Number of protein chains: 2
Amino acid sequence: MHIVGELINASRQAVNDAIKVRDVGFIKDMAKKQADAGANHIDVNAGVFLDEEPAILSWLVQTVQGVVDLPCSLDSPSPKAIEAALAVHQGRPMINSISLEEDRYQALLPIIDSSDMKVIALCMSDEGMPSTTDERLNIAEKLINSLQQKNVPLDNIYVDPLVQPVCTNNDFGVEFLNAVEQIMTKFKGVHTMCGMSNISYGLPNRKLLNKTFIAMAVAKGLDGAIVNPADEGMMSAIYAAEVLAGRDEFCMNYTNLYRGK
Amino acid sequence: MHIVGELINASRQAVNDAIKVRDVGFIKDMAKKQADAGANHIDVNAGVFLDEEPAILSWLVQTVQGVVDLPCSLDSPSPKAIEAALAVHQGRPMINSISLEEDRYQALLPIIDSSDMKVIALCMSDEGMPSTTDERLNIAEKLINSLQQKNVPLDNIYVDPLVQPVCTNNDFGVEFLNAVEQIMTKFKGVHTMCGMSNISYGLPNRKLLNKTFIAMAVAKGLDGAIVNPADEGMMSAIYAAEVLAGRDEFCMNYTNLYRGK
């Protein structure tokens with residue numbers, strides 16, 4: 001499971017406050033906590049700062065990579081911000097995210113073209129958010145094809161089929177899960193990736209729904225997630241799902257969780 | 001989700017002790033606890049008592065049905081025990097279980113023939129326990145066909161694809177999950193049903209694995225389970241999985257869990 005740590009996002013108040021005063025210690029602690037908990041990429045998002053976004057995103061990358069030996073997930077639709085961050089980034093970043101929305105697509109595709117970066121391909125278009133499995137598959141196919149034409153290998157593409165709240169439509173869970181299965185089956189070698197928390201919007205005990213949903217998605221083939229890796233309940237559900245999906249050789253990662261406990 | 005409450009099983013020491021002294025209160029409490037927690041059938045098993053099994057199984061049925069208005073799951077391979085239990089049973093029982101093992105198959109088929117009972121069809125044959133999806137599907141197909149020839153409708157058949165420990169073979173989880181999906185797809189209208197706990201044999205934090213696995217199985221179509229309905233962790237995972245699988249209209253069952261809490 002490819003884990004993107006979601007915590008360093010300026011839409012969260014504590015992170016926003018820390019950025020405003022350039023609190024290096026706060027950002028480093030948050031990066032280290034996520035790295036120690038098993039993150040593979042550290043997401044950085046400074047979208048709310050508008051004109052300052054490029055400067056802040058590159059500061060975040062430098063701050064994070066000053067303390068952990070991990071690549072970042074550059075979370076912005078802005079080519080200026082992405083380019084500023086790329087100028088200081090070490091290693092292989094992830095672009096979060098390209099979509100089929102025309103402005104975002106045209107802005108980001110040239111940056112991704114023929115690079116070796118990983119890229120999240122979000123199932124969203126100018127026609128709005130997809131509801132059905134077929135709508136997701138249709139967008140995924142267009143994004144995968146255009147990325148492949150730009151020499152991005154399937155193994156670098158993480159399709160995000162877009163989780164929507166099951167309380168607004170009882171079928172939103174199933175439509176997402178079936179999209180994961182069909183994308184993973186139809187495009188062998190591609191990855192899938194998503195944030196979970198929208199699924200439980202408006203319902204009680206959201207943590208239970210989020211971790212149950214990720215296990216169900218792993219059963220359908222999901223192999224990436226944008227989560228808080230310091231959330232022990234979520235991470236133990238992911239480790240459990242990985243064992244049960246046959247992805248944890250000799251059950252080593254799972255049993256290591258419990259060593260010494 | 002069709003819930004079979006598993007607690008009244010004489011292989012459990014406390015139940016065994018209670019049966020020996022015909023402790024009506026103990027059995028009734030256990031039946032009531034499972035009914036209150038959402039069981040649809042109450043499993044009764046007296047297999048360890050051998051020659052006494054028919055008398056004890058019918059006593060268990062009468063004791064259970066003396067306190068709860070639910071049918072029983074008659075858990076025995078012995079036609080004598082099943083017939084003794086059926087003689088006193090009220091309502092529509094479940095037979096747990098027929099299999100493709102020749103002795104069991106020949107003994108139970110005449111009892112099930114043209115009845116309106118529900119029946120668990122266990123994916124086991126004289127060649128041993130199935131390992132792969134295909135082996136499970138092969139047994140399931142033979143059992144479904146022969147039951148249908150004996151006028152048992154698909155809606156009365158609960159195929160148990162047989163859970164095996166993932167610690168003995170990393171693929172046992174996936175092979176089971178894929179069998180559920182293929183059985184539910186190939187035989188539209190049939191049900192699937194299983195006990196969970198074998199999956200986690202030999203591994204730490206078994207409860208986490210059991211409830212994670214049932215969520216994954218629900219994602220693949222599982223619509224029945226033999227569980228302890230008084231296990232709140234397991235039942236809340238089932239309710240969560242049902243919402244997320246689009247089987248809980250307006251999320252009513254799930255949100256009702258949290259009313260007043």
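Right above here is the structure, for reference.
Residues numbered from 1 in each chain as written. Chains lettered and ligands numbered in written order. Predicted model: local features only at pLDDT ≥ 70, side-chain atom pairs only at ≥ 80, totals over all residues. Heavy atoms only, no water.

Visitor: Hey, could you run me through the relation of the copies chain A and chain B in this one?
Guide: Related by rotation about an axis and a shift along that axis, the two copies of the chain form a pair. In the superposition of chain A on chain B (RMSD 0.0 Å, axial shift 0.0 Å), the rotation amounts to 180°. Within this description, the copies of the chain are treated as partners about a two-fold rotation axis. The position closest to the rotation axis in chain A is occupied by the C-alpha of Met216 of chain A, lying 2.2 Å away. Mapped onto chain B, 100% of the interface residues of chain A again fall at the interface, so both copies present the same surface. (Least-squares fit on C-alpha atoms with pLDDT ≥ 70 in both. Contact = heavy atoms within 4.5 Å.)

Visitor: Even after reading the chapter, I still don't get the interface of chain A and chain B, so can you show me in this structure?
Guide: At the junction of the two partners, chain A supplies 35 residues and chain B supplies 35 residues. The interface formed by chain A and chain B holds 2 salt bridges in total. Put simply, Glu181 of chain B and Lys220 of chain A hold a salt bridge, and the shortest N to O gap is 3.4 Å. Where chain A packs against chain B, one counts 10 residue pairs in polar contact (both at pLDDT 80 or more). Secondary-structure elements contributing two or more residues to the side of chain A that touches chain B are α7 (172-186), α8 (206-219), α9 (232-244) and α10 (252-257) of chain A. (Salt bridge = Lys/Arg side-chain N within 4 Å of Asp/Glu carboxyl O. Polar contact = N/O pair within 3.5 Å; in protein donor to acceptor, adjacent residues only side chain to side chain. Helix = DSSP H or I, 4+ residues; strand = E, 2+ residues; numbered from the N terminus.)

Visitor: Help me out: how do you make sense of empty space enclosed by the protein in this one?
Guide: Rolled over the atoms, a probe as big as a water molecule pinpoints where empty space is left. Applying the stated criterion to the full structure yields 1 cavity of 30 Å³ or more. Taken as a whole, the largest cavity encloses approximately 100 Å³ of empty space. Lining the largest cavity we find Leu208, Lys211, Thr212, Ala215 and Ala237 of chain A together with Leu208, Lys211, Thr212, Ala215 and Ala237 of chain B. Those elements that provide at least two residues to the lining of the largest cavity are α8 of chain A together with α8 (206-219) of chain B. Residue composition of the lining of the largest cavity, by class: 6 nonpolar, 2 polar and 2 charged. (1 Å grid on protein atoms, 1.4 Å probe; cavity = no way out; pocket = protein on both sides within 12 Å on 5 of 7 lines; lining within 4 Å. Points joined across faces, edges and corners; volume = space filled by probe spheres on them. Nonpolar A, V, L, I, M, F, W, Y, C, P; charged D, E, K, R; others polar.)

Visitor: Just to check I follow, could you spell out the pairing of strand β5 (residues 118-125) of chain B for this structure?
Guide: On a regular strand, one side chain projects to one face of the sheet and the next to the other, so that they alternate. Residues and elements named next belong to chain B. In terms of burial, β5 is a largely internal element, 8 of the 8 residues being buried. Of the two faces of β5, the one holding Lys118, Ile120, Leu122 and Met124 and the one holding Val119, Ala121, Cys123 and Ser125 are both buried throughout. Bridge analysis of strand β4 (residues 94-100) against β5 gives 6 bridges, and the strand direction is parallel. For Ile98, the partnering residue across the bridge sits in β5 and is Ala121. In the classification by handedness, the crossover that spans β4, the intervening helix α5 (residues 102-112) and the parallel β5 is right-handed. This β-α-β element, β5 to helix α6 (residues 133-149) to strand β6 (residues 157-160), shows right-handed connectivity. (Buried < 20%, exposed > 50% of the residue type's maximum accessible area, 1.4 Å probe, protein only. Pairing = 2+ DSSP bridges. Right-handed = clockwise from strand over helix to strand, strands pointing away.)

Visitor: Just to check I follow, could you spell out the sheet that holds strand β2 (residues 41-44) of chain B for this structure?
Guide: Note: strands within a sheet are paired through backbone hydrogen bonds, in either parallel or antiparallel orientation. Residue and element names in this part refer to chain B. Read across the sheet, 9 strands follow the order β7-β6-β5-β4-β3-β2-β1-β9-β8 without closing on themselves; strand pairing throughout is parallel. Edge strands, defined here as strands with exactly one partner in the open sheet, are β7 (191-192) and β8 (194-195). As defined by bridge partners, β2 adjoins strand β3 (residues 72-75) across 3 bridges and the pair is classed as parallel. Across the sheet, the residue bridging to Ile42 is Cys72, located in β3.

Visitor: Would you explain the pattern of salt bridges in this entry?
Guide: Here the idea is simple: oppositely charged side chains can pair when their charged atoms come close. Evaluated as defined, the whole model comprises 19 salt bridges over all chains. A salt bridge links Lys32 of chain A to Asp36 of chain A; the nearest nitrogen and oxygen atoms lie 3.1 Å apart. Of this pair, Lys32 of chain A and Asp36 of chain A both sit in helix α2 (residues 24-36), separated by 4 residues, roughly a single helical turn. In this structure Lys32 of chain A comes out as partly exposed when scored by relative accessible area, which is 40%. Each of Glu181 and Lys220 of chain A together with Glu181 and Lys220 of chain B takes part in salt bridges that share partners, so that together they form one network.

Visitor: I'm lost on α9 of chain A in this one. Help?
Guide: Think of an α-helix as 3.6 residues a turn; residues three or four steps apart then line up on the same face. Compared with the 18 Å implied by 1.5 Å per residue over 13 residues, the 18 Å span of α9 of chain A between its first and last C-alpha is a close match. Summarising burial for α9 of chain A: 10 of the 13 residues are buried, a large majority. Taken as a whole, α9 of chain A has its buried residues at Met234, Met235, Ser236, Ala237, Ile238, Ala240, Ala241, Glu242, Val243 and Leu244 of chain A. Taken together, the buried residues of α9 of chain A touch β1 (2-5), α8, β9 (224-227) and α10 of chain A together with α7 (172-186) and α8 of chain B. The N-capping residue of α9 of chain A, defined by a side-chain oxygen 3.1 Å from the backbone nitrogen of Gly233 of chain A, is Asp231 of chain A. Just downstream of α9 of chain A lies Gly246 of chain A, where phi reads positive at about 75°. (Expected span 1.5 Å × (residues − 1).)

Visitor: Would you mind showing me how to read a negative patch on the surface here?
Guide: Residue and element names in this part refer to chain A. On the surface, Glu102, Asp103, Asp126, Glu127, Asp134 and Glu135 cluster together to form a negatively charged patch. When contributions to the negative patch are tallied by element, the ones reaching two or more residues are α5 (102-112) and α6 (133-149). Checked against the element boundaries, Asp126 lands in the loop between β5 (118-125) and α6. (Patch = residues over 30% accessible without salt bridge, like charges linked within 9 Å, V, L, I, M, F, W, Y side chains within 5 Å. Areas by Shrake-Rupley, 256 points an atom, 1.4 Å probe, with all protein chains shown as cover. Lys, Arg positive; Asp, Glu negative; His and termini not counted. Charge placed at Lys NZ, Arg CZ, Asp CG, Glu CD.)

Visitor: Looking at this model, I keep getting lost on the side chain of Asp223 of chain A. Mind explaining?
Guide: Residue and element names in this part refer to chain A. Note on placement: Asp223 falls in the loop between α8 and β9. Although Asp223 is buried, it makes no salt bridge; Arg247 carries the closest opposite charge, 6.2 Å away. Not counting residues within four places of it along the chain, the set of residues in contact with Asp223 comprises Met1, His2, Met184, Val190, His191, Thr192 and Arg247.

Visitor: Would you take a moment to explain the sheet that holds strand β2 (residues 41-44) of chain A for this structure?
Guide: Residues and elements named next belong to chain A. The parallel open sheet is built from 9 strands, whose spatial order is β7-β6-β5-β4-β3-β2-β1-β9-β8. Two strands lie at the open edges of the sheet, namely β7 (191-192) and β8 (194-195), each paired on one side alone. The sheet contact formed by β1 and β9 spans 4 bridges and is parallel. Each bridged residue has a counterpart across the sheet, and for Gly5 the counterpart in β9 is Val227.

Fair warning: the whole summary comes from geometry, so function is off the table for now.
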